[in-house]
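Here is what each chain is made of, one letter per residue.
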Amino acid sequence: MSHKSSIIWLQGLTCNGNSHSFLNYAHMPSFAASFEMLYHPLWCGAEDFMSLLNSDVTFDFLILEGALSHDERLIQRFNLPFYEILDTLAVRAKHIICAGSCASFGGVFRLRNPEKITGALFSGKEKGGYWLEKNNVINISGCPIHPRWLVETLLALHNGEKVLLDEFLRPKEVFSYLAHHGCLRNEYFEWKVDSKQLGEREGCLFYEHGCLGPMSHANCNKILWNDVSSKTRAGSPCLGCTEFDFPRRALYETQKNMSLPQTPFGISKRAYYTLAGVAKSFKIERLEKKLIDEDN
Amino acid sequence: MDKKLRKSEKILDAALMLFSTQGFYATTIPDIAKAMGMSVGNIYNYFSSKELLAKEIIKYSSDILGAEIRKVNEEEVSAKEKIRKIVALYFEMATLKPQHINYFLRVYLANKEVFKEGCEGMLCVSSFVTELMIFFEEGVAKGELRNQDFFSAFGLFMGYLGGFVFLSGEGVLGKALSAYVDEISLNIYNALKQQ
Amino acid sequence: MKITKEIIQRIEGEATLELEWEEEQVRFAKIKFFNYRGIEEILKKRPLLDALALTPRVCGICSHSHAIASVLAIEDCFKSAGESLHVNQKAKDIREIALNAEKIHNHIKWYFFTILPELKRVSDPKYSGNAFKEKQWFQAQSAIMDSLKMGAHFTGQWPHGSFVMAGGVTCDPLRSDLVSAHGCLDAVIAFCEEHFYGMSLEEFLSFDSALQVMSAPSALSYGIDEMLKHGFDRLGRSFDRFLALGESFMYEGSLKSTKTTVLGADVKYVHESLDHTFFADKNNGYTYSKSAMYKKSYYEVGPLARLMVAKEPLMRDFHRRFKDAALTRVVARAVECAHLLWRTKALLNSVDLKEASLIPPKKEIHSLSGEGMGVIEAPRGTLIHHVVVHQGIIESYDIITPTVWNLGNGDKQNPSTAQKALIGLNSFTKADFVLKSFDVCSVCTTQ
C-alpha cells in the first residue's frame with residue numbers, strides 16, 4: 001500500500017469554481033489512489049475540520065481557493081477569523097497551492113477592496129499579498145483552474161519531482177503556453193482576417209472582440225476543457241483569466257491605441273505591426289469565404 | 001555580395017533621380033543604363049523589369065525615411081517634441097533629397113497601375129508606416145495623443161506634410177521649408193493631442 | 001428558551017444557523033451568511049458586456065445560469081431602448097442545452113455527493129462521507145463529467161464558459177458536434193437508469209405514483225427509504241407555496257401555485273428586502289443575504305416549484321402524500337433530472353444548424369441607455385438579473401438568486417420559506433438536513 005499525500009482545502013472569498021472544476025478531473029480514481037482529502041468545504045471529508053485545526057498534525061498540501069484577507073470582517077469560517085485558520089494551517093503544510101486566480105493574484109473578488117483583499121503572494125501584479133514572502137507556494141492561476149493543472153502539479157510533487165515555476169510561481173509546463181496555441185482560428189490570426197461578428201466559425205477574435213489568447217499564459221487549446229473544447233473553440237474570446245490583471249475592463253473589446261492593439265506576449269511592436277501590415281495588404285479569398293461551403 | 005548591394009543601391013538612386021524628374025513612363029532602361037555608365041543587359045542583371053525597379057525604389061525610400069523616424073521614436077522625448085523632429089527630418093529630406101518625396105508624390109501615387117501587384121496595400125511602404133504606427137500607439141498609451149482611428153491621424157499628419165512639400169515643389173511658398181517646421185509641428189500637435 | 005449557533009457546512013460554502021429553542025423544539029431560526037463578495041458593486045461603472053464575464057463568477061456551480069440570465073437582461077436593455085433583438089430558435093435551443101447540462105449535473109452531484117452522505121450522517125454522525133472512496137461516487141462523478149462535457153460542445157468550458165452574447169450564442173456547431181454531445185448525454189442517461197432510478201428513463205417518466213418509484217432498488221428508492229426512516233416525509237414542510245418565474249418546456253409563462261392551485265405570475269411583483277442584513281442595519285443586521293418576496297409573501301423556488309406549477313403527475317402524487325416535506329423536495333430533483341434528460345435528448349435531435357447562431361444588434365452598445373431584466377430557471381430555482389445602463393456603462397446591477405428566495409430573513413410573525421420549514425424540528429441534525437433539502441448555495445447568497 002503506497003503512501004498517500006494528505007490535502008486540506010481551504011476557501012477564502014470564492015465562487016467555488018475551482019472546486020467544481022477539480023471535480024471534473026477525468027482520472028479521479030488515479031487521484032484518489034495517491035491522495036487523501038482530509039478536509040474540503042464542499043463535501044464530507046476524512047476528518048472533522050475543528051479537530052484537524054486543533055491538532056498539530058502536519059500534512060502535505062494546503063490548497064487555497066479564493067481571495068484572501070487579514071481582515072476578519074471580510075472573511076470568517078467556522079465563526080473564526082479566517083486569518084487565524086490560515087495562519088494555523090499554513091505552517092503545518094509542506095506545500096501551499098493556490099488554486100485559481102483569486103488565491104494567486106486576488107482575481108475578481110479583489111476588485112471590491114484591492115488594499116485588503118489579495119492573493120497569497122501577489123496583489124495583482126505586485127509582489128506581496130496575504131504574505132510578503134513564502135518559499136513553498138505554487139500559483140495555479142485561472143478562473144477557474146483546469147483540473148489537470150492542479151492534479152498534475154500535485155502528482156508531480158507527490159512523486160518528489162521538481163516543478164519549474166515562472167516569475168509568478170506558476171508551473172512552466174502549463175503556463176509557458178499561450179491560450180493562442182492551438183486555437184482553431186490561428187490561420188485567420190496569421191492573415192489578419194478579423195471576425196465581423198461572434199457566432200461564426202470564421203475569423204480571428206483578437207482585433208475586434210477582445211480575445212486575449214495571444215497574451216494569456218495557459219494551455220487551454222492544447223489540453224482542451226472538459227476533454228472537448230475551449231472558449232475560442234466555442235467562438236468566444238479568451239478573457240485572460242490566468243493573468244494577474246484578470247479581469248480587465250471592457251473584456252469583449254480590444255483595447256486599441258490609434259487602432260493598434262496590444263501586441264502578443266513577447267512580440268515587439270515593430271515586428272507585430274510590420275507583419276500585421278503586410279498580412280493586411282493581401283486579400284486571401286479562401287479565408288474570406290465560409291470555412292464549410294454548405295451550398296452544394 | 002556587398003559590392004552587388006552597393007551597385008544595386010546606386011542603380012536605385014540613379015533611377016530614382018530620373019523617374020522623379022522625368023516621370024515613370026518617360027524614363028527608359030537605356031536612360032538609366034546611360035546614367036550609370038552600364039550596359040542595358042547589365043541593368044537587367046540587377047532588376048528584371050522597370051516595374052520591379054519602381055517597386056524597389058519605393059521600398060528603398062520608405063526604408064530611408066523609416067530609419068530616420070525610428071531614431072526619433074527611440075528618443076526619450078515627448079510626443080510634441082517627436083512631432084517636431086519628424087516634421088523637421090521630413091522637410092530636410094524634401095530639401096536635400098527632393099527626389100524621394102517627389103517620387104512618392106509624382107510616381108507612386110500617380111501611377112497606381114504600376115504598383116498594384118507586388119505593392120498591395122501598405123506592403124512597400126511598411127517600414128515607414130510601421131514607425132508612424134509606433135509613434136501614434138505610444139503617444140496614445142502615454143496619454144499625450146487623443147485616441148482615434150489610425151488612418152484619421154495618419155492622414156492628418158502625412159497628408160499635411162506631403163501636401164505642403166507638394167506646394168513647396170510648385171514654388172508657391174514664400175520661405176524655405178525649414179522655416180515652416182515650428183508652425184506646422186504645432187498645428188499637427190494641436191490637432192492630435194489629448195484634450 | 002435557549003439559543004444555539006452552529007455552522008451548517010457543505011452548502012456550497014457555509015452558513016451559521018441560529019436556532020431558538022423552546023421545550024426541545026425549534027421556535028425560530030436565523031440563517032446567517034458572511035463572506036460577502038460584492039459582484040453587484042464590482043459591476044458598477046463597467047461596460048455592459050463585462051456582466052457576461054463577471055456574473056458567472058457569482059457561483060461556480062451555476063455559472064451558465066448566471067451567464068444566460070445576464071444576456072437576457074442585456075437583450076432586454078436593447079428592447080427598452082427600442083430595438084427588440086431577434087434570437088434564433090437555434091440559439092435558444094443551444095442556451096437551453098447548456099442550461100440543462102448544468103441542471104442535470106447539479107441534480108446528480110447534489111444527490112450523490114451531498115444528499116446520500118448527509119442522510120448517512122443523520123444515522124451515523126461519525127460517517128466520513130463517500131468522496132473519492134465509494135464506487136458509486138466515482139460513477140456519479142463520471143456521469144457529472146459527461147453531462148458537462150455534453151454542454152461544453154456548445155459552451156467551450158464549464159465552469160465559466162462565455163458562450164452567450166446579445167443576439168444569440170457564440171458557437172456554430174457542426175452535425176458531428178451534436179453527435180458527439182449526444183454520445184455524452186447517452187452515458188449520463190445510462191448512469192441514471194442504472195443507478196439513480198433503477199429502471200429505464202422512459203419507464204420512470206411514465207410513472208404517476210410514488211409507489212412505482214419505490215419498487216426498483218436504486219439510489220433514489222434507497223434515499224426515500226432512509227428519509228422515511230428519519231421522518232423527513234413529515235419534517236421540513238413550509239408554506240406549500242411555489243414560484244417559477246422563468247421559462248420552462250414543462251409549462252407556459254411565469255407561474256405560481258399555492259398547494260396545487262396554479263395561477264399566472266408576473267415578475268413585476270417581486271421585491272427584494274434588506275431587512276436584517278448588514279446593508280440595511282450595520283448594528284443589528286445579522287447576514288449578508290437579502291430576502292426576496294412576491295407580493296409581500298415568501299415562496300419556494302426550485303425543482304419542486306417547477307414540477308408543481310407544471311402539474312407533473314409523479315410529483316403531484318408525492319405531494320399528495322407528503323406535502324412539501326424535505327423528502328418531496330429531494331425527490332423533485334431526481335424527477336426533474338429525468339425530464340431534463342429526456343428533453344435534452346430531443347433538443348439535440350432538433351437543433352437547426354442552418355440558422356445563424358447570432359444576429360448582432362444594430363444599435364451601438366456604447367450608446368445604449370435603458371434597463372433590462374433577465375429571468376431564468378437555474379438549477380435551484382428562479383434567478384433574476386436586473387441591470388440599469390447609461391451610455392453603455394452599468395449604473396446598477398441587481399441579482400436575486402434562488403437561495404435568496406428560499407432562505408430569506410423573515411421574523412416570527414412572517415417567517416421565510418426555509419425558516420418555516422425549520423420551525424418545530426427537534427434536533428440540529430434534522431434542521432441541518434431540512435435546510436440542505438433546499439439545495440442551498442451559500443455563494444449565491446453572498447454575491
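The rules we used
- Residues numbered from 1 in each chain as written.
- Chains lettered and ligands numbered in written order.
- Predicted model: local features only at pLDDT ≥ 70, side-chain atom pairs only at ≥ 80, totals over all residues.
- Heavy atoms only, no water.
- Helix = DSSP H or I, 4+ residues; strand = E, 2+ residues; numbered from the N terminus.
- Buried < 20%, exposed > 50% of the residue type's maximum accessible area, 1.4 Å probe, protein only.
- Contact = heavy atoms within 4.5 Å.
- Lys, Arg positive; Asp, Glu negative; His and termini not counted.
- Charge placed at Lys NZ, Arg CZ, Asp CG, Glu CD.
- Phe/Tyr/Trp six-rings, centres within 6.5 Å; stacked < 30°, edge-to-face > 60°.
- Lys NZ or Arg CZ within 6 Å of the ring centre and 35° of its normal.
- Pairing = 2+ DSSP bridges.
- Patch = residues over 30% accessible without salt bridge, like charges linked within 9 Å, V, L, I, M, F, W, Y side chains within 5 Å.
- Areas by Shrake-Rupley, 256 points an atom, 1.4 Å probe, with all protein chains shown as cover.
- Salt bridge = Lys/Arg side-chain N within 4 Å of Asp/Glu carboxyl O.
- Core = buried A, V, L, I, M, F, W, Y, C linked by side-chain atoms within 4.5 Å.
- Domains from an automatic or database assignment.
- Polar contact = N/O pair within 3.5 Å; in protein donor to acceptor, adjacent residues only side chain to side chain.
- Buried area = accessible area lost by both parts, 1.4 Å probe.

## Some remarks on the overall build of chain C
Piece 1. Counting secondary structure elements, chain C contains 16 helices and 13 strands.
Piece 2. A burial count over chain C gives 66% of its 447 residues as buried.
Piece 3. Within chain C, contacts between residues separated by at least 24 positions form 71% of all contacts whose residues are at least 6 apart in sequence.
Piece 4. Separation between the mean location of the 53 positive side-chain charges and that of the 54 negative ones in chain C comes to 3 Å.

## Focus on the packing of aromatic side chains
Piece 1. Across all of its chains, the model carries 56 aromatic pairs over all chains by this definition.
Piece 2. With a centroid separation of 4.4 Å and an interplanar angle of 35°, the aromatic rings of Phe232 of chain C and Phe433 of chain C are classed as tilted. Taken together, the residues span a long stretch of sequence, with Phe232 of chain C in the loop between α9 (219–230) and β6 (241–244) and Phe433 of chain C in helix α15 (residues 428–436) at a distance of 201 residues.
Piece 3. What makes Phe232 of chain C buried here is its relative accessible area of 0%.
Piece 4. Take Phe433 of chain C: its relative accessible area is 1%, and that puts it in the buried class.
Piece 5. Every member of this aromatic cluster is reached through a ring pair, and the members are Trp9, Phe22, Phe31, Phe35, Trp43 and Phe61 of chain A together with Phe113, Phe132, Trp137 and Phe138 of chain C.
Piece 6. Note that Lys4 of chain B overlies the ring of Tyr46 of chain B, its terminal NZ or CZ placed 5.5 Å from the centroid.
Piece 7. Across the ring face of Tyr180 of chain B, the terminal group of Lys175 of chain B is positioned such that the distance to the ring centre comes to 5.1 Å.

## Regarding the pairing of strand β13 (residues 393–400) of chain C
Residue and element names in this part refer to chain C.
Piece 1. The pairing of strand β12 (residues 381–390) with β13 spans seven bridges and is classified as antiparallel. Opposite Val389, over in β13, you have Ile394 as the bridge partner.
Piece 2. The loop that links β12 with its antiparallel partner β13 comprises two residues; one of these, Gln391, has a positive phi angle of about 50°.

## Considerations on a nonpolar patch on the surface
Residue and element names in this part refer to chain B.
Piece 1. A surface patch of nonpolar side chains, about 260 Å² in accessible area, is lined by Phe166, Leu167 and Val172.
Piece 2. Assignment of secondary structure puts Val172 in the loop between α9 (150–169) and α10 (181–192).
Piece 3. Taking relative accessible area as the criterion, Val172 reaches 57% and is therefore assigned exposed.

## A look at the nonpolar core
Most often, soluble globular proteins keep nonpolar side chains buried together rather than apart.
Piece 1. Residues Phe31 and Leu62 of chain A, Phe91, Phe136 and Phe157 of chain B together with Ile108 and Tyr197 of chain C are the most contacted members of the largest nonpolar core, which totals 301 residues.
Piece 2. Of the residues that make up this core, three or more belong to each of domain 1 (5–174) and domain 2 (177–288) of chain A.
Piece 3. When sequence neighbours within four positions are dropped, the list of residues in contact with Phe157 of chain B reads Ile83, Ile86, Val87, Leu132, Phe135, Phe136, Ile188 and Leu192 of chain B.
Piece 4. Counting 13 residues, the second-largest nonpolar core is a separate cluster that includes Ala265, Val375, Ile384 and Val404 of chain C.

## Digging into the environment of Glu144 of chain B
All names here are of chain B.
Piece 1. Looking at the element boundaries, Glu144 is found in the loop between α8 (126–141) and α9.
Piece 2. Note: C-alpha distance between Glu144 and Gln194 (50 residues apart in sequence) is 5.4 Å.
Piece 3. Once residues within four sequence positions are removed from consideration, Glu144 is found in contact with Ser78, Ala79, Gly139, Lys193 and Gln194.
Piece 4. For Glu144, the side chain forms a polar contact with the main-chain nitrogen of Ala79, separated by 2.9 Å.

## Some details on the pairing of strand β10 (residues 291–294) of chain C
Both faces of the sheet carry side chains from a regular strand, because those side chains alternate between them.
All names here are of chain C.
Piece 1. Neither face of β10 is exposed, since Ser291 and Met293 on one face and Ala292 and Tyr294 on the opposite face are all buried.
Piece 2. The pairing of strand β9 (residues 270–273) with β10 spans four bridges and is classified as antiparallel. Each bridged residue has a counterpart across the sheet, and for Val270 the counterpart in β10 is Tyr294.

## Thoughts on a positive patch on the surface
All names here are of chain C.
Piece 1. A cluster of like positive charges, contributed by Arg234, Arg237, Lys259 and Lys323, occupies part of the molecular surface.
Piece 2. You can see Lys323 is positioned in the loop between α11 (313–322) and α12 (326–350).
Piece 3. Given the relative accessible area of 32%, Lys323 is considered partly exposed.

## Observations regarding the interface of chain B and chain A
Piece 1. Taken together, the contact between chain B and chain A spans 24 residues of the former and twelve residues of the latter.
Piece 2. Summing both partners gives a buried area of about 1,600 Å² for chain B against chain A, and 61% of it is carried by carbon and sulfur.
Piece 3. Among the residues chain B hides against chain A, the three largest losses belong to Leu123, Met133 and Glu137 of chain B. Together they make up 32% of the total.
Piece 4. Our count for the chain B to chain A interface comes out at four salt bridges.
Piece 5. A salt bridge links Lys269 of chain A to Glu138 of chain B, with the nearest nitrogen and oxygen atoms 3.3 Å apart.
Piece 6. Looking at the side of chain B that touches chain A, the elements that each hand over two or more residues are α4 (50–73), α8 and α9 of chain B.
Piece 7. At ten residues, the largest contribution of residues to the side of chain B that touches chain A is made by α8 of chain B.

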